[in-house]
Structure formats: C-alpha cells, structure tokens
Amino acid sequence: TGGDVKAGVVLDSTVPGWHAKGAATVARLDLARWLNRPERPSDITGHAVLDVDLQLGGHFPVGTFTFDGSHAGYLEYEADDVSVRGVLAPTEVQIARATATAYGANVRLHDSTMTIDAPYAFRFRGAAAGVDLRQMPASVPVPHVASTLAFDYDVTGQFAEPYLTGQAAFSDSEFLGA
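Everything quoted here is computed from the prediction, not taken from an experiment.

### Remarks on the overall build of the protein chain
At step 1: When helices and strands are counted, the protein chain shows one helix and 11 strands.
At step 2: Moving toward the C terminus, one meets the helices and strands of the protein chain in the order β-β-α-β-β-β-β-β-β-β-β-β.
At step 3: For the protein chain, whose C-alpha radius of gyration is 17 Å, the value lies close to the compact-globule estimate of 16 Å for 178 residues.
At step 4: A burial count over the protein chain gives 34% of its 178 residues as buried.
At step 5: Looking at the protein chain as shown, the accessible area adds up to about 10,400 Å², and 58% of this sits on carbon and sulfur atoms.
At step 6: Across the protein chain, the centroid of the 12 positively charged side chains sits 3 Å from that of the 21 negatively charged ones.

Structure (structure tokens):
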C-alpha cells in the first residue's frame with residue numbers, strides 16, 4: 001500500500017552502519033506508509049541511483065544520489081519531469097542541479113540545500129520561466145495573482161511554519177497585466 005519498488009542494491013554489512021549501492025525504480029511511492037508517518041504523504045515515481053552509507057542506528061544516510069522521474073510530490077508540493085543530482089549529508093540534502101516542471105513553470109536549481117530536520121529550512125538558487133503565481137500552493141507566501149514570470153532567484157525559507165525571503169532578477173515577465 002506504500003507504492004511499488006523494484007531495486008537492485010548491494011548491501012555491505014561489513015561497513016559499520018552498512019553501505020548501500022544500487023538503483024531502484026519506484027511507482028507511486030508513499031514514504032508516509034513506509035515510515036509510519038501518515039502526516040507526511042509523498043507520491044514519487046521514477047528511477048533513483050544511490051551510493052550511500054546507511055548509518056543504521058544513526059540519523060540519516062550520507063552519500064550521492066540521482067533521481068529521474070515523471071513525478072515527485074511531498075506534502076502539498078509537487079513537480080513533474082524531475083531530474084536531480086546531489087549529496088545526502090548528515091544534516092541536509094545538497095542539490096548540485098535539478099530541473100522540473102512545477103505548477104506549469106519550468107524550474108532549474110543549482111547549488112541548493114534543504115535541511116533534513118524541522119523546520120526543513122532551504123536555500124534554493126536557480127531560474128524559473130512561465131511562473132503563474134495563481135498555480136502556486138496556498139501555503140507559498142506569494143500573491144496568488146495572474147502572472148507569467150521569468151527570473152533567476154536566490155531564496156531561503158522553510159517548509160514548517162513557512163516563510164520565504166530572497167531576491168530575483170526578472171527577464172521578460174507579466175504581472176497583473178503589466
């Protein structure tokens with residue numbers, strides 16, 4: 001009931017905390033069902049490649065990852081045509097680069113981070129094109145008005161008790177008809 005997973009993974013139990021290397025294809029993966037956290041639903045479909053120290057009994061796996069998928073959703077956030085490369089670090093996910101289509105917009109990230117623990121702070125750097133603020137989730141603190149925006153951005157914020165601050169350099173855009 002938590003989705004489908006097909007994986008080819010080698011577990012090295014001679015390494016303290018174990019090491020895992022391999023790939024998995026997931027369909028409609030709901031981590032809430034796997035981790036007994038019903039308040040944190042996900043819907044993930046795609047292919048992941050991992051080379052991580054699992055640190056069983058520790059806090060969080062560390063190592064490299066890639067993900068290419070048709071859909072990724074967590075809580076009320078979601079994107080399609082997702083491609084991500086990065087590193088799992090002890091306290092954060094380091095995103096070297098990512099591309100996706102989110103809420104109708106083309107989004108790119110580079111050199112970005114998101115912490116693993118609440119309040120799930122982030123720093124996202126990249127570019128977006130075709131952003132219509134009316135399509136953003138209600139919890140994203142932006143004016144939800146007619147727009148077609150294109151911009152480079154560098155923002156910080158957090159997902160728990162949401163806030164967002166940062167800067168953007170706009171290219172040809174439209175906001176409320178202007």
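### A closer look at the pattern of salt bridges
Charged atoms that come close allow side chains of opposite charge to pair.
At step 1: A complete count under the given rule lists five salt bridges for this structure.
At step 2: Notably, a salt bridge pairs Glu39 with Arg37, separated by 2.7 Å at the nearest N-O pair.
At step 3: Take Arg37: its relative accessible area is 36%, and that puts it in the partly exposed class.
At step 4: A salt bridge links Arg134 to Asp132; the nearest nitrogen and oxygen atoms lie 2.6 Å apart.

### Examining the pairing of strand S1 (residues 4–12)
At step 1: Across nine bridges, S1 lies against strand S2 (residues 19–29) in antiparallel orientation. Each residue of the ladder has a partner; that of Val10, found in S2, is Lys21.
At step 2: Two successive antiparallel strands, S1 and S2, enclose a turn made up of six residues, where Gly17 displays a positive phi of approximately 80°.

Rules and cut-offs
- Residues numbered from 1 in each chain as written.
- Predicted model: local features only at pLDDT ≥ 70, side-chain atom pairs only at ≥ 80, totals over all residues.
- Heavy atoms only, no water.
- Helix = DSSP H or I, 4+ residues; strand = E, 2+ residues; numbered from the N terminus.
- Rg over C-alpha atoms; globule rule 2.2 N^0.38 Å.
- Buried < 20%, exposed > 50% of the residue type's maximum accessible area, 1.4 Å probe, protein only.
- Areas by Shrake-Rupley, 256 points an atom, 1.4 Å probe, with all protein chains shown as cover.
- Lys, Arg positive; Asp, Glu negative; His and termini not counted.
- Charge placed at Lys NZ, Arg CZ, Asp CG, Glu CD.
- Salt bridge = Lys/Arg side-chain N within 4 Å of Asp/Glu carboxyl O.
- Pairing = 2+ DSSP bridges.

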